Amino acid sequence: MSRESNYNQAYKELEDKIKICEKCGLCKTRNKVVIGEGKLNSSLMLVGEGPGEDEDRTGRPFVGRAGQLLDRILSAVKIDRQETYIANVVKCRPPENRTPLQSEMLACGEFLEAQIALVKPKILVALGNTPLKFFLRVNGGITKFRGQWQTWRGIPLLPMFHPSYLLREESRAVGSPKELTWRDVKNLKSRLDNLN
Ligand code: SF4
């Protein structure tokens, strides 16, 4: 078996495992498990919090309004979403979109780690407080950490605001979350370009 088919086989096995997972209580209220999607072997992996209503219905990550905004943010600096891999810390929707519990994050984290091990991104982006907490074990703090490069297990990690937060913030003034995100995504693009 070729290296590529071994790789695809390993990914498929992981997907099959996640699809039937009942390791935490979120399995009881989900419609569809949202595993993640994108290019395997991508240089860039974006990690959000968990599925929302649209994602739970479709089984795909970042397809609702926040996802559409994320696509626009990426395309503004010519990052093609199809060339990235996108996943969430938890794969099943928390009821009423509440923040995932620590126990849920820990239960699901093994899958995210397995995805990262397979994709082998050169850069990780943590979108919002939940992935920031998962990767850096800090509570809150996206406002403090955003835009500052960190490292997770040797992989450069950039914390950024979650696009759903940006949807609630109208201002584009200097220092506003939207303007800061524009700076962050340009920073991200520059680092990506320097990989090549
Ligand atoms: S959130 Fe993760 S750990 Fe919990 S049931 Fe879904 S897939 Fe399993």
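As the structure is a computational prediction, the values presented were derived from the model and not from experiment.

Q: Describe in detail the pairing of strand β4 (residues 123-127), supporting the description with residues and values.
A: For a regular strand, the rule is simple: side chains alternate between the two faces of the sheet. Counting buried residues in β4 gives five out of five residues, a clear majority hidden from the surface. Burial along β4 is two-sided: Ile123, Val125 and Leu127 facing one way and Leu124 and Ala126 facing the other are all buried.

Q: Describe the site of the ligand, with residues and values.
A: Inspection of the region around the ligand gives Cys21, Lys23, Cys24, Leu26, Cys27, Arg30, Lys91, Cys92, Ala107, Cys108 and Phe111 as its neighbouring residues. Taken together, the residues of the shell around the ligand sort by class into eight nonpolar, no polar and three charged.

Q: How would you summarise the packing of helix α1 (residues 3-19) against helix α4 (residues 102-119) if you had to cite specific residues and measurements?
A: The geometry of α1 relative to α4 is characterised by a closest axis approach of 11 Å and an angle of 165° between their N-to-C directions. Considered as vectors, α1 and α4 are oriented roughly antiparallel to each other. Note on packing geometry: the crossing formed by α1 with α4 is left-handed. Within the contact between the two elements, α1 uses Tyr7, Ala10, Tyr11, Leu14, Lys17 and Ile18 and α4 uses Glu110, Phe111, Ala114, Gln115, Leu118 and Val119. When the residues that make up the contact of α1 with α4 are grouped by side-chain class, the tally is nine nonpolar, one polar and two charged.

Q: Tell me about the sheet that holds strand β3 (residues 85-88), and name the residues and values.
A: Across the sheet, six strands lie side by side as β1-β3-β2-β4-β6-β5; this open sheet has mixed pairing. A strand with exactly one partner marks an edge of an open sheet, and here the two such strands are β1 (37-38) and β5 (150-152). Note that β5 and strand β6 (residues 155-160) share three bridges and pair antiparallel. Within β6, the position partnered with tryptophan 152 by the bridge is isoleucine 155. The strands that helix α8 (residues 177-193) touches are β2 (44-48), β4 and β6; relative to β6, the one it contacts most, it runs at about 165°.

Q: Would you mind going over helix α3 (residues 65-76) in detail, with residue names and values included?
A: Its twelve residues give α3 an end-to-end C-alpha distance of 17 Å, which sits within 8% of 16 Å, the value for a rise of 1.5 Å per residue. Of all the positions in α3, only Ala66, Gly67, Leu69, Leu70, Ile73 and Leu74 are classed as buried. An end-on view of α3 places all buried positions within 160° of arc, on one side of the element. For α3, the secondary structure elements touched by its buried residues are β2, β3, β4, α7 (163-167) and α8. Following α3 by one or two positions, lysine 78 has its phi on the positive side, about 65°.

Definitions and cut-offs
- Residues numbered from 1 in each chain as written.
- Predicted model: local features only at pLDDT ≥ 70, side-chain atom pairs only at ≥ 80, totals over all residues.
- Heavy atoms only, no water.
- Buried < 20%, exposed > 50% of the residue type's maximum accessible area, 1.4 Å probe, protein only.
- Helix = DSSP H or I, 4+ residues; strand = E, 2+ residues; numbered from the N terminus.
- Near = heavy atom within 4 Å.
- Nonpolar A, V, L, I, M, F, W, Y, C, P; charged D, E, K, R; others polar.
- Axes fitted to C-alpha atoms, helices over the stretch in contact; angles between N-to-C directions.
- Parallel < 35°, antiparallel > 145°, perpendicular 65-115°, else oblique.
- Left-handed = near helix turned anticlockwise from the far one by under 90°.
- Contact = heavy atoms within 4.5 Å.
- Pairing = 2+ DSSP bridges.
- Expected span 1.5 Å × (residues − 1).
- Arc of directions from axis to C-beta.

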